[in-house]
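# Structural overview
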Amino acid sequence: MKFKTVFVCQKCGYEAAKWAGKCPDCGEWNSLQEEVKQQESKKEKKNRSFTDFSSEIVKLADSKAVQEPRIPTQIGEFDRLLGGGLVAGQLTLLAGAPGIGKSTLMLQVADALAQTRKVLYISGEESISQISGRAQRLGVKNPNIYLHCETNIQNIITAVENEKPDVLILDSIQTVYHPEFTSSAGTIGQVRECAAELVRLCKPKGIITFVLGHVTKDGELAGPKILEHMVDSVLYFDTEKDNVLRLLRPHKNRFGSTSEIGLFKMTGHGLESVDNASEYFAQTSSSAALKGRAYTLALEGSRPLLTEVQALASPTHYPFPRRVATGVDLNRCLMLFAALEKHVGLSLDNKDIYISIAGGVKMKDPALDLAICAAVISSVKDVAIPHDWLFLAEVGILGQIAKVPLIDRRLEEAQRLGFKTAFAAPVSKSEKQKLTGIVLKEITEINELALKLK
Ligand SMILES: Nc1ncnc2c1ncn2[C@@H]1O[C@H](COP(=O)(O)OP(=O)(O)OP(=O)(O)O)[C@@H](O)[C@H]1O
Ligand SMILES: [Mg+2]
Ligand SMILES: [Zn+2]
């Protein structure tokens, strides 16, 4: 077997013969690392296919689909975001910042699945006693869970072949290594090879597999993007660690939608499903009228979440005013600020503006637009918004108000939560007839909202 030295981008997996300061492929600086690679013979290459799928050519019309039965975990929020449960042979990547609760969730999932299945939990990060300490705290003591501390992928394969588990959990992919590769654990080459071994091992056997992964400071998976292509589902913890609330978001799911989210609360006994999400957010807020606070019902998946948008506009001391957004896209906010300057005549160039979504969650729903605008207007004009007002619309760069999807669902939820007034784009007659306890103020331009906030 021959070896050669290559330089591999740790972000995208690009291989170069020479070192360079910047990756020619993805443009990342300082990401090329020296790795030793084997030159494979043709025979060896043959064994390197991902899956064993190889079939005759058939007509799609003649092919038969097998409806995969779902295996629910009975952890409400986890099943919801997986689209009803797991599928045999499903390979899931669970990623998140350090300490966010990956190992905790996995132990709980292991407990749930171990009611009827054999679970092998392999850890390369923690000792048996550490894991059993956590298990004790979480009240997990199912006899069907087997623990194993190992980082060598070949020993892991042997363990799986001997133990024949139905569920395999690997904590984490960055700690395992392939002994045939000399680069250290966690490098792109190692991560890719080990993941490929897992796919080859678990897919044909129908083993439900979870692979845990770390993310970098900017929230990207540490290691190759290619990992995301190899697995069936990718779940990310999408909240800040200091928050009690943990939001789990699917970035990819071969067996279901990716628009559902799972909401959990971190407690001493582990992660608890938050079923009444809207009320959870509502509880955290006071009923006083506050300057710079506006509510909206953002839709995450099929579920409306009460969201509190906070804005603070303060005089700037810099030549360039500061713009900070947490929980929402900054570029979206910049666009809304520009629209407010142009169409409402707010002067923002001498103000720093901070936008924040209460609760530390990240939101993408365009229905946030109007609430962001309302919060900014409220802070700039120094007028408070009553706590039972709600803002539900998308705002365009021309200052026009646009209707958001599923407005009836949102208004229904708003009524249930006790909101009295909702600002939105005009709705149809039938949608209006359903409203009982809430007054709908239909607006078509952002300026109309500004006139109401005085
Ligand atoms: N006694 C406790 N009471 C409440 N919460 C706790 C307790 N001990 C740990 N936690 C919570 O569990 C979190 C750690 O969970 P866990 O070890 O599952 O995270 P992780 O994502 O696996 O981290 P890592 O990346 O380090 O492996 C802590 O950040 C803390 O929020
Ligand atoms: Mg862990
Ligand atoms: Zn690159």
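Conventions used here
- Residues numbered from 1 in each chain as written.
- Chains lettered and ligands numbered in written order.
- Predicted model: local features only at pLDDT ≥ 70, side-chain atom pairs only at ≥ 80, totals over all residues.
- Helix = DSSP H or I, 4+ residues; strand = E, 2+ residues; numbered from the N terminus.
- Contact = placed C-beta atoms within 7 Å.
- Near = placed C-beta within 6 Å.
- Nonpolar A, V, L, I, M, F, W, Y, C, P; charged D, E, K, R; others polar.
- Pairing = 2+ DSSP bridges.
- Axes fitted to C-alpha atoms, helices over the stretch in contact; angles between N-to-C directions.
- Parallel < 35°, antiparallel > 145°, perpendicular 65-115°, else oblique.
- Left-handed = near helix turned anticlockwise from the far one by under 90°.
- Core = buried A, V, L, I, M, F, W, Y, C linked by C-beta atoms within 7 Å.
- Buried ≥ 20, exposed ≤ 12 C-beta atoms within 10 Å, placed from the backbone.
- Expected span 1.5 Å × (residues − 1).
- Arc of directions from axis to C-beta.
- Domains from an automatic or database assignment.

What follows concerns the overall build of the protein chain. Along its length, the protein chain carries 13 helices and 23 strands. When the backbone C-alpha atoms are referred to their principal axes, the protein chain occupies close to 75 × 55 × 50 Å. In the protein chain, the proportion of contacts linking residues at least 24 apart, taken out of those at least 6 apart, comes to 67%.

All right, on to unusual backbone geometry then. It is generally the case that most residues other than glycine have a negative phi and that most peptide bonds are trans. Cis rather than trans, the peptide bond between Asp 171 and Ser 172 has omega equal to 0°. Following the sequence through the fold, Ser 172 ends up in the loop between β7 (167-171) and α6 (188-205). The backbone of Asn 30 shows a phi angle near 60°, a positive value even though the residue is not glycine. Here Asn 30 lies in the loop between β2 (15-16) and β3 (32-39).

Around ligand 1 sit 13 residues in total, of which Gly 99, Lys 102, Ser 103, Thr 104 and Gly 268 are the nearest. Of all the elements, helix α3 (residues 102-113) adds the most residues to the shell around ligand 1, at three residues. Among the residues forming the shell around ligand 1, the class breakdown is three nonpolar, six polar and four charged.

Glancing now at the pairing of strand β17 (residues 351-357). Where strand β15 (residues 303-315) lies against β17, seven bridges are found, and the strand directions are antiparallel. For Pro 315, the partnering residue across the bridge sits in β17 and is Lys 351. Across four bridges, the pairing between strand β16 (residues 323-326) and β17 is parallel. Paired with Thr 326 across the bridge in β17 is Ser 356.

Before going further, it helps to examine the packing of helix α9 (residues 330-343) against helix α10 (residues 368-381). Two elements in contact, α9 and α10, have axes separated by 10 Å at closest approach and are oriented at 55°. On the basis of the axis angle, α9 is oblique to α10. Between α9 and α10 lies a crossing of right-handed hand. Across the interface between the two elements, Cys 333, Leu 336, Phe 337 and Leu 340 from α9 touch Asp 369, Ile 372, Cys 373, Val 376 and Ile 377 from α10. Its residues assigned to classes, the contact of α9 with α10 shows eight nonpolar, no polar and one charged.

What follows deals with the nonpolar core. Within the largest apolar cluster, 119 residues are counted, with the highest numbers of intra-cluster contacts made by Ala 110, Leu 370, Ile 372, Cys 373, Val 376 and Leu 392. At ten residues, the largest contribution of residues to this core is made by α10. The residues touching Leu 392, leaving out its near neighbours within four places in the chain, are Thr 296, Leu 297, Ala 367, Leu 370, Val 404, Ile 407, Arg 410, Ala 422, Phe 423 and Ala 424.

What follows deals with the packing of α3 against helix α4 (residues 128-138). Following both chains from N to C, one finds α3 and α4 inclined at 65°, their axes separated by 11 Å at the closest point. By the angle between their axes, α3 is roughly perpendicular relative to α4. Judged by the twist between their axes, the crossing of α3 over α4 is right-handed. Of the residues in α4, those in contact with Ser 103, Thr 104, Leu 107 and Gln 108 of α3 are Arg 134, Ala 135 and Leu 138. When its residues are assigned to classes, the contact of α3 with α4 shows three nonpolar, three polar and one charged.

Quick look at α9 now. Counting along an α-helix, one turn takes 3.6 residues, and residues three or four places apart therefore face a common direction. When the terminal C-alpha atoms of α9 are compared, their 20 Å separation across 14 residues agrees well with the 20 Å that a helix rising 1.5 Å per residue should span. The complete set of buried residues in α9 reads Cys 333, Leu 336, Phe 337, Ala 339 and Leu 340. Each buried residue of α9 lies within a common arc of 160° when the element is viewed along its axis, so the set occupies one face. The secondary structure elements touched by the buried residues of α9 are β16, β17, α10, β20 (394-395) and α13 (446-452). Taken from the residues just after α9, Gly 345 is the one with a positive phi, measuring 80°.

Moving on to α6. Over its 18 residues, α6 runs 26 Å from end to end, which matches the ideal 26 Å to within 8%, given 1.5 Å per residue. Regarding α6, the residues found buried are Ile 188, Gly 189, Gln 190, Val 191, Arg 192, Cys 194, Ala 195, Leu 198, Val 199 and Cys 202. Following α6 by one or two positions, Gly 206 has its phi on the positive side, about 70°.

A common measure of how large an interface is: the accessible area buried when the components associate. When its domains are assigned, the protein chain resolves into domain 1 (2-43), domain 2 (73-275) and domain 3 (280-452). One C-alpha centre belongs to domain 1, the other to domain 3; they are set 47 Å apart.

Most of strand β9 (residues 233-237) sits out of view: five of its five residues are buried. Along β9, one buried face is formed by Ser 233, Leu 235 and Phe 237 and the opposite face, lined by Val 234 and Tyr 236, is buried too. Of the pairings in the sheet, the one linking strand β4 (residues 91-96) to β9 comprises four bridges and is parallel in character. If you follow Leu 94 over to β9, its bridge partner there is Leu 235. As defined by bridge partners, β9 adjoins strand β10 (residues 245-253) across five bridges and the pair is classed as antiparallel. If you follow Val 234 over to β10, its bridge partner there is Lys 252.

Attention shifts here to the environment of Gln 310. Mapping Gln 310 onto the fold places it in strand β15. Through-space distance from the C-alpha of Gln 310 to that of Thr 326 is 9.9 Å; in sequence the pair is 16 residues apart. Once residues within four sequence positions are removed from consideration, Gln 310 is found in contact with Gly 292, Arg 293, Ser 356, Ala 358 and Ala 375.

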